[in-house]
Structure formats: C-alpha cells, structure tokens
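A look at the structure
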Amino acid sequence: MTPVDEAKKISEKELMNKRPKSTKPESNISSGDKENDLRNAELKGEGVVISYGADQAVKGVDIAFPSNKITAVIGPSGCGKSTLLRAFNRMNDFILGAKVEGSLMYKDMDLYDKNIDPVEVRLRIGMVFQKPNPFPKTIFKNIAWAPQMNGYTGDIAELVETSLKRAALWNEVSDRLHDSALGLSGGQQQRLCIARSLAMKPEVLLMDEPCSALDPVSTSHIEDLMLELKEQYTIVIVTHNMQQAARVSDYTAFMDSGNLVEFDETSTIFTNPKEQRTEDYVSGRFG
Amino acid sequence: MTEVVAATFRQKTKKSKLVEKGVRWGIFLCALASVLTTFGIIFVLAKEAIPFFREVSLVDFLFGTKWNALILPRSFGVLPLLMGTMLIVIGAGLIALPVGLASAIYLSEFASQRVRKTVKPVLEILAGIPTVVYGYFALTGITPILKSFNDEIPVFNALSASIVVAVMILPMVASLCDDALKAVPRSLRDGGYALGSTKTEVSLKIVVPAALSGIVASFVLAFSRAIGETMAVTLAAGGTPKMTLNPLESIQTMTAYIVQVATGDIEHGSISYHSLYAVGGLLFLITLAANLLSYKILKKYREEYE
Amino acid sequence: MSSPEYSSAPEFNSRLERRRAFSTIFKNSCAILSWLSIGVLGFLLVHIFSSGWEWISFDFIKNAPSRMPHKAGLFSALMGTIWIIFTTAAIAIPVGVSSALYLEEYAKKNRLNSFIEINISNLAGVPSIVYGILGLTLFVRLMKLGPSVLSGALTLSLLILPVIIIASREAIKAVPNSIRLSAFALGATQFQTVFHHVLPAAMPGIMTGVILALSRAIGETAPILMVGAVAYVSRAPHGIMDGFTALPIQIYNWAREAKVEFEGLAAGGIIVLLLVLFMMNSVAILIRNKTQKAQS
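This structure is a prediction, so every number in the text was calculated from the model and none was measured.

Reading guide: rules and limits
- Residues numbered from 1 in each chain as written.
- Chains lettered and ligands numbered in written order.
- Predicted model: local features only at pLDDT ≥ 70, side-chain atom pairs only at ≥ 80, totals over all residues.
- Heavy atoms only, no water.
- Helix = DSSP H or I, 4+ residues; strand = E, 2+ residues; numbered from the N terminus.
- Polar contact = N/O pair within 3.5 Å; in protein donor to acceptor, adjacent residues only side chain to side chain.
- Contact = heavy atoms within 4.5 Å.
- Core = buried A, V, L, I, M, F, W, Y, C linked by side-chain atoms within 4.5 Å.
- Buried < 20%, exposed > 50% of the residue type's maximum accessible area, 1.4 Å probe, protein only.
- Salt bridge = Lys/Arg side-chain N within 4 Å of Asp/Glu carboxyl O.
- Phe/Tyr/Trp six-rings, centres within 6.5 Å; stacked < 30°, edge-to-face > 60°.
- Buried area = accessible area lost by both parts, 1.4 Å probe.

Here the focus is the side chain of Thr239(A). All names here are of chain A. Looking at where Thr239 falls in the secondary structure, it is placed in the loop between strand 8 (234-238) and helix 10 (242-248). Polar contacts involving the side chain of Thr239 include one to the side chain of Gln244, which spans 2.8 Å. Setting aside residues up to four positions removed in sequence, Thr239 forms contacts with Val73, Ile74, Lys81, Glu209, Gln244 and Ala245.

Have a look at this one:
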C-alpha cells in the first residue's frame, strides 16, 4: 500500500467518524476558485500586530489560509513571517514580552480568547519546526508520547505505524522503532517530527522552514509528503526557498518588514505579481 | 647610534628571557600547590592512621557495631558513626532533593523574570550563611519547635540537624538543577507544546528526563556536601554514637567525632587520637568517590549536548 | 468557551480539564516550595535578631570573652578574625591568581596540567573538616607552628585556594583575545602581555571572586576550630605566631554553653559575623556592577 492509499483510507475513516472538518469539496486549483477558497478559509487573521516590547515584528496583517491547500509565506529574513506563523498556534506565548493583538480565528474559535486554553489550540493546529527536534527518547515513544497523554482510544502501535507510513519513514525505521530517535539522520528526524504531529491528527499543519536544515534528497521527500497531506490538512509553510514555494504551494503570501505585501495564487506571485517589491524579491533582486 | 639601540634591545631581550623563565616557573609552582594539598591530605591521613590500624583491624573498624573510643573498654567499630552520618544525610536528602528540584523546575519553567530575580539571590544568601549559624539555628530555633510537638525529643537529635543540613544543601541542589534544566534546548520544549501538552507535562516528561544526568549529578554532590557537613551536626545532633534509624534520638556523625577528638583533651599519640585519622580518611574517601562520580555523570551529560 | 469535544480528533480522550487542573496544582506546589526558602531565611534572621539584638552594644564589641555573660564581648574574636583574614588573603591571593594565570595563559594541554585541573575541582569538594585535620597535623604539629594565626591562615588558604583559582580563571577567560594578540604584535613577551595587559583587564573579576572566597573563609568554623581551639585564648593576637580565637569559634563556644544568656551572646556574635559578611559581599557586588557598567 502506498502512503497515498493509506492516507485516503484514513481520510475516509475520519469522514465516517463525522469529524468536524472542511466542508469544501476537493478541487484542483484554478483562478476562478480563489474567491471561493478565501471565502471558505477557516484559519484567518485580521489586523494582526505582534510586538516584542517596543519592536513590532508584524504590523497589522490581514490574511486567510485556504483550507486543504498549501500556502507558502515568503519574504526576507526578519520580515515577521515565522512570528506570524507561530502566532497561529500560540507558540509566541513562550517568548518573553511577545504580545499578539488583532483577531486570529480558526473556524469559530478565537485563538486568543481568554477562555481558550492554548493547549486546545495546539491540539488542532500542529507545528513542525525549522530544526528537527525529536525528543531524546525512542522513535516509538516520540510518536506515542502525545497520543498516550491525550488518552488515545485506539491501538497505539497501529497509530505509530500509520503515522510513520504517512510521513514516508516507516520503511526506513520499522526494524528499529525502539532505538533512540537521536540516531536518525537530519532528514529522518524531520520526518519523524512530522509523523509525531500527524499522530495527533490535527486539522492544520504549520511548518516553519521545515527543510532549511536538510539536504536536497530529504527536502524532496518532505515536499512530496506535503503534497499528499494537503488532501486532509490545511498546510502553511514558511520558507526561504522560493523554488520550494513555487513547487509545493497553491497560494503564496509575500511579507516584508512586518507587512503583508501581496497574497495570491502561487503562479500569479511568481509570474505576474502586482507589486513591484514582490517582483523584485521573487526575481532575486533583494532579500 | 643604531648599534647602541640594537645593543640595548639585545640586553633587554636577555633580561626579559630570564624574567620570562622565572615567572613561568614561579607560577607553575603555585599551580602545583593544589596538587601538594591533595598529597598532603593523603599523606597526613595515611601516616597518622597507620598506628591506629596496627592495633585495630580494618574489618573490625569497618564492620564493628560499637564505637567507644574515649573511655574504657575501647571499641572502634565505625558503623555507628557511619549510620549517624547516613541518618543525617538521608533525612536532609529527603527534604532538600525534592524541594530543590521543585524549586529548580519552578524557576526554570514557570517563574517570571521578576520571581527569578527574587528567589535566586535568596538561595545565594542561604548558601553563604556560615555553617555554625545553621548549627545555632538548629539548636535554638528548630529543636524547640520539634519539642513543642513532642516533649520526649532530646535537645540533641538527628532530626533538627537533618533539617538545617537540608537548608544548607538546598541552594546547591536548586541552582545546579536549574542549570541542568536550562541547558535543555528550547526546541524540545517547543516540540512538546506543539503537540498539545501542558507546561507541567512538558516539564516533567520532556525537560526533566532530558536533564536527568545533570539532576543526578547535583544530587550526588549534595550527598557529598551533607556527609562532610560538620558544625551543624556537631552542635545539634549530639555526641553519642549509636546504631539507630530513629531521627528523634541523639547520635554522633563522623565529622562531629573528629571535632570532639581534636578539641578535647585527648592525649596526643594515643590510639583514640589516631582514630581521628581513620575516621577522617573514611570521610575523605567517601566524599572523593561521590565527587568523582558526579564529575563523571556531568561530563557525560555535557557530551550529550555538544 | 470552546466545546471540548472538538479540541482534538474523536479517537482521543484528552481530558483537558483534568490535565489543566493537575498542571495548576503542580505549578503552585513548585511555587510554594520555592518560596519556602524565603520563608526559612526570614525565620532564621528573625530568630537570630530577636534573641541577639539586645546584646549588641559598644561593650560587646570591645570586651573580652568572659564567664559572666553581661561582661562578655567578642573583641579578641573579632581581632582574631581580622588577623586571620588578612594573613589568609596575603597567602591565598598570590598563589591562587598565579595558579589561574598558569592554567589559563601558560599551560599546554598535557597530562600533568589536566591532572592539576581535575585535582583542583576535586579539592573544591573536599569537606572543610578534612582541611582542618590537615592543618592540625601538618602546620600545628609537624611544622611546629602551634595553634597560631599563621596555622589557621595557612589552613584556610588551602581551603579557599580552589575557589579563588576557579573564579580567577573565569575572569581571565573573559579577557578578549584581541588584547593578547595586539600586545604580542607589538613585540611584548608573554610575561609582559600577561602581567601588563591580561591581568589588569581581569582584575575586577578576580577581586569579586577573591572577596567571595574570603567571606567564605571568615564563616568557616570546622577547620579553624580544629587548628585554633587547642588553646583557650582571650586576648587579641599581636602577630602571626600568636594564638587566636575567631568569631565562628566564639559563636560555637557560646552556643554550647548551657546558660540561656549565652544563647543571646551567640546570636549577638552571629549578627556581627553576618554584618561582616554582608559588608564584604556588598563590596564584591559593587565591583561587579561597576565593571559590568564599564564594559557595556
């Protein structure tokens, strides 16, 4: 069974469980769908301002991430793209002095509502980080840890296996599940971190430069994986690598100095951007 | 003119070469002072303990259950002193290790910058208070409180000494554990949070296990500190060597015995006098082993992250 | 309020309420245990000041120890401590700082030097009473220095040597390498580079470490008790070969007395000792803050 089949099977199972998820029909993207995609987007921010003390890293951004699509966020270093991404699963809570203002919504949930536990937010919205960060535990425990803590009702070994298969790592590690995860290569570690997130069955996957520390082969593994995953997940990826954004994403957001300069279908951003700054950046004239 | 300059330079070079050599040797000798200290300790302990072991066999010393060194009939089984020491150490450990670790977890994982800036100096002050002050505090501050619960408790008892020894080692445990927890990369915590875990779950199940060797090393060091602690136990725990596990009794530790012999009017050269060195040697060996162990654990743990 | 059943996929039973509650309980327990140390410090200080404050007076400072509590003072102990500390400083500072300079600036990586390093970190963990045994046997008896200021100072010097070396090495390490390179580039010898440039730059850091080490030495009781308490002394020393008593010894002796008045005297002695320590630490912190400001 290929990972794609596997993924489809799981997606059917989830539908049967009546899991609340996007009602929008799967579709190949074409320019007419943009309006529709944006209208149906479930992860949205309005007037997002993020500041560290006196410095504003994000200066009032309105953005919506279309469901079941991959949205790339690009821009020069320090433009606030990672900060913006981390705001969507409240990882900025741990940065001293970080303050998030504006409205950040997922479905009908205000992510920064006083009554919302950030833990709840992160159960729905998973995240993969720039540097692979496997726990210093076995491969198996890396994946099983969070589901067990969350009272997983199914068979945990099966969950570990499916998660690893979906992250296209199973074949490489199936014979050493109980070895330390720190013995894996960088690319394998990153796929393990993705598998770890998938095991919690989030609805949105945020990826913060997931390939920046990896070699080209591992990078292409992970890009393939993203394309498979978008059937079930809304994926947002922050990347420095413009080829990567062009290869995998449906939509691209270009940010500069804390502002959202342009948001459009990826093909438009890369071939026919409306803003001069975007064109300069994607053609490599600055950044 | 040029010749003169060159000559002065040459002269200077010669002189400075001498200075250079002298300084190098001088400070090398200073650095050797610490090595000489170690040899001095070993030499003194060995030399003065030999007369003791001529009369008392090593087996009788290590496994004898009666310590009666100063009055007849003499008996030199070190177990009561060792047990008294252990009673203090275990009592202090039971209090200081959990409290120290909990403080470290709080400081490194939960506390705001402001709280850290209050608690850390307090820990430093506690660490800087002389041990004789703790001894006084145990005797006049803690024992009366214990006695208010149960008047049967003697003035000199192991429990109040344990409590102050706990207070003394607490700052060390807390600050070393804090260092170990802080050395865990933030990315590991982020990974835990992103999977939907609470702060407590991340602290207990990811950060603490990742810092375990540093935490264990701090525990071993605390153990060594508590064994060598002298004034508090001398003042508060009493002077009666006893095989007991009851912390409410009066006991004597190895260190308290050493003080008793050195400050009492024991005839210099008698076997009782030489027993001081046997006990001191045992104390030195135990703490040395503990220190080397924690050094090894720490070295391993540094390798994990570098 | 969100509906909890949507917080994670249906095959999970996250029991967030319970986990949140546990998290709160755990955090608060840790917080209480941390604040406990402040409570203990507070209790200790209140206890000591409440029983010792009334004994603090000018007479208390200038009188000699006495069998009668109301005439007793700690003049000889205070003077003994001052003598001891200056003698200790005179011995330990040059030896300690030189050791640090050797290890940081001169030592090559070889077995002898790494043995010296391991040895120093081990010495830092040797119980102070063992230094007392060493001092009593080596200085008092074998070298026949007697229970003198010099014996006590030598013993304390050995005790704080590792602390001084470790702190000085940190300070020397912090001196930027560019200073050494530029001195060498001007044709300076290693001696000139180290003693004209590196050492002055490291001096504030070394001073801070030295003062902290000396304040530890002032409070050390066990070793000095072993060395000095052999003889009963009630007058202040006039030279380094004189017998001595010191603040911690005096406190220890008072604390052991059965009469309740002596308890107050001991507390009074502790207050004086703590004040001395407090002043020394303030100086160390002052130096540290000043250099931090100058460097930033």
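Moving on to the nonpolar core. Core analysis: the largest hydrophobic core is formed by 270 residues, its most contacted members being Leu43(A), Phe88(A), Leu164(A), Leu206(A), Phe61(B), Trp67(B) and Val279(B). The element that contributes the greatest number of residues to this core is helix 6 (residues 158-182) of chain B, accounting for 14 residues. Setting aside its immediate chain neighbours within four residues, Phe88(A) contacts Leu43(A), Lys44(A), Gly45(A), Ile63(A), Phe65(A), Leu104(A), Leu111(A), Val121(A), Ile125(A) and Leu206(A).

A few words now on the pattern of salt bridges. Under the definition given, this model contains 26 salt bridges over all chains. In this structure, Arg247(A) and Glu223(A) form a salt bridge, with 2.7 Å as the shortest nitrogen-oxygen distance. With Arg247(A) in helix 10 and Glu223(A) in helix 9 (residues 216-229), the pair connects residues that are 24 residues apart, well separated along the chain. The partly exposed category is assigned to Arg247(A), whose relative accessible area is 48%. Across the pair Asp190(B) and Arg186(B) runs a salt bridge whose closest N-O atoms are separated by 3.9 Å. Residue Asp190(B) and its partner Arg186(B) are located together in helix 7 (residues 186-194), separated by four residues, close to a single helical turn. Using a relative accessible area of 6% as the deciding quantity, one classes Asp190(B) as buried.

Take the packing of aromatic side chains next. Evaluated as defined, the whole model comprises 22 aromatic pairs over all chains. A ring pair is formed by Phe135(A) and Trp145(A), whose centres lie 5.3 Å apart and whose planes are at 70°; its orientation type is edge-to-face. Separated by ten residues along the polypeptide, Phe135(A) in the loop between strand 6 (125-128) and helix 5 (139-149) and Trp145(A) in helix 5 bring together distant segments of the chain. This pair shows no difference in class: Phe135(A) is buried, exactly as Trp145(A) is. On the numbers, 5.0 Å between centres and 35° between planes, the contact of Phe191(C) with Phe195(C) is tilted. Placement of the pair is Phe191(C) and Phe195(C) together in helix 8 (residues 190-219), with a separation of four residues, close to one helical turn.

Bringing the interface of chain B and chain A into the picture now. Taken together, the contacts link 19 residues of chain B with 25 residues of chain A. Between chain B and chain A, roughly 1,700 Å² of surface is buried when both sides are summed, and carbon and sulfur atoms account for 69% of that area. It is Tyr193(B), Ala194(B) and Leu195(B) in chain B that bury the most area against chain A; as a group they hold 34% of the surface buried on that side. At the boundary of chain B with chain A, the tally comes to one salt bridge. Across the pair Asp190(B) and Arg86(A) runs a salt bridge whose closest N-O atoms are separated by 3.4 Å.

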